[in-house]
Amino acid sequence: MPPVRLKVLHLEDNEGDHALVTVHLMRGGIQADITRVETEAALIEALAQDWDIILSDYNLPGYSGLAALDKVRSMGKLVPFILVSGEIGEDIAVQAMRNGANDYLLKSNLTRLAPAALLAIEANRTRIAKQRADHALTRSRQQLRELAQHLQTSIEQERAAIAREIHDDVGGALTAVKFDLAWIARHAPNPEIAERVQQALESVGHAHEASQRIMHNLRPAILEQGLVAALQWMADRFGKRTGIETTFRTSHEKMQLAPGVPLVAYRFAQEALTNVSKHAQATRVSVDVSQAGGVLSIEVTDNGRGLSTEDLAKARSFGIRGLHERAETVGGWVDLSSKPGGGTSLILSVPLSGPENGFIDRLLPGLDGDASGIDQDPDDPTAWGNL
Ligand SMILES: Nc1ncnc2c1ncn2[C@@H]1O[C@H](COP(=O)(O)OP(=O)(O)O)[C@@H](O)[C@H]1O
Ligand SMILES: [Mg+2]
């Protein structure tokens with residue numbers, strides 16, 4: 001096997017011991033480009049270069065191998081470090097390993113030196129690669145989380161903009177058509193035309209209702225009445241629409257919530273209830289809103305089939321995953337508890353005060369509509385203010 005070339009830094013005051021280490025490395029198949037230093041100052045200077053490994057004596061005049069190890073690590077150097085000493089007790093060996101040494105050897109038994117050095121280098125390489133991979137993974141997870149949060153807020157912005165456009169353009173046009181049709185109805189030359197105009201008026205009425213419904217889904221104006229009223233309304237409507245027995249309970253009738261929180265809470269309840277009707281096969285569901293210990297909680301519990309970890313891992317299911325991201329935008333979190341056949345509980349918790357609560361507010365400045373003007377139309381999304 002060709003010799004392995006290594007750049008070795010040797011902290012050693014004794015010339016003889018240095019020669020011994022050099023010989024043992026060579027015998028072990030290592031062609032060492034070895035530099036000896038004796039003092040901390042020389043060590044620090046040498047650390048400006050890259051080394052494959054540092055070998056250090058334990059006992060140095062006015063200095064110690066452990067202090068050297070501390071120095072190396074405190075300078076952020078991950079280079080493998082082996083303590084080589086004439087006398088090394090178990091306690092010192094343990095301390096050295098704990099402080100980041102890769103190995104320790106006795107000068108009386110240096111046959112293990114070369115394999116120990118190679119092993120330490122290999123282990124270090126693996127550790128650094130793993131650290132890098134872990135770091136990259138953490139970073140990419142963080143980026144993904146930020147992207148998901150950004151998407152959630154963008155969706156709300158986009159929804160608000162579409163609602164506004166429907167109100168201004170579609171709503172405005174429909175109102176104009178209604179006026180014109182009413183005029184034609186009044187001036188209709190014969191009953192046949194009058195009847196057709198009446199039919200057209202009805203169609204316009206349906207279109208108007210549809211645009212209201214779409215606007216509401218895009219931007220729940222009911223939130224203007226406060227979160228509790230909006231959730232009560234949602235629960236009632238859910239019960240009527242699905243036939244599932246729905247209970248609503250709240251600890252407070254009115255709540256003081258930071259901007260952004262009501263909309264997050266509303267979307268949470270919406271998704272949780274949609275899941276109940278879509279997946280749970282439940283006969284009962286309860287929505288509990290409470291405010292205690294400075295935390296707002298909304299709990300949606302059903303008595304349905306429950307869900308498994310595989311359900312949550314479905315590649316194309318983003319509902320519950322999205323709720324986590326959404327909750328984070330206001331400093332909150334989502335808990336889920338479920339047993340197969342034992343129903344499902346989805347809980348949103350949001351601390352009531354905290355710097356994060358202004359997050360959506362800052363991201364959605366356009367929603368801060370000025371409702372003080374002449375336009376007091378309750379359906380006008382620009383007048384809904386900060387939900
Ligand atoms: N209340 C529930 N009861 C039973 N299963 C549920 C419930 N909520 C969610 N699930 C299961 O978890 C999966 C993931 O839900 P979700 O993330 O909301 O995505 P989606 O509703 O789009 O499938 C669902 O497909 C369903 O299998
Ligand atoms: Mg869903």
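Residues numbered from 1 in each chain as written. Chains lettered and ligands numbered in written order. Predicted model: local features only at pLDDT ≥ 70, side-chain atom pairs only at ≥ 80, totals over all residues.

Novice: Would you mind showing me how to read the overall build of the protein chain here?
Specialist: Helix and strand counts for the protein chain come out as 11 helices and 12 strands. Projecting the C-alpha coordinates of the protein chain onto the three principal axes gives extents of approximately 120 × 45 × 45 Å. In the protein chain, of all internal contacts separated by at least 6 residues, the share reaching a separation of at least 24 is 69%. (Helix = DSSP H or I, 4+ residues; strand = E, 2+ residues; numbered from the N terminus. Contact = placed C-beta atoms within 7 Å.)

Novice: How do you make sense of the site of ligand 1 when you look at a structure like this?
Specialist: With respect to spatial proximity, 18 residues lie near ligand 1, and among them Asn275, Ala280, Asp311, Ser317 and Gly319 are the closest. Looking at the shell around ligand 1, the element that brings in the most residues is helix α8 (residues 261-280), giving five residues. For the shell around ligand 1, the class distribution of residues is five nonpolar, seven polar and six charged. (Near = placed C-beta within 6 Å. Nonpolar A, V, L, I, M, F, W, Y, C, P; charged D, E, K, R; others polar.)

Novice: Looking at this structure, I do not really get the domain arrangement of the protein chain. What am I missing?
Specialist: Examined at the domain level, the protein chain breaks down into domain 1 (4-108), domain 2 (140-219) and domain 3 (220-387). On a C-alpha basis, the centres of domain 1 and domain 2 stand 77 Å from each other. (Domains from an automatic or database assignment.)

Novice: How should the nonpolar core be read in this particular structure?
Specialist: Generally speaking, a soluble globular protein has its nonpolar side chains buried in company with each other. Leu231, Val261, Ala265, Phe268, Ala269 and Val300 are the most contacted members of the largest nonpolar core, which totals 34 residues. Where this core is concerned, the elements lending two or more residues are α7 (227-242), α8, β9 (284-292), β10 (295-302), α10 (319-328) and β12 (344-351). Of the residues forming this core, the biggest block, 10 residues, is contributed by α8. Leave out the neighbours within four places in its chain, and valine 300 touches Ala269, Ala272, Leu273, Val285, Val287 and Leu346. (Core = buried A, V, L, I, M, F, W, Y, C linked by C-beta atoms within 7 Å. Buried ≥ 20, exposed ≤ 12 C-beta atoms within 10 Å, placed from the backbone.)

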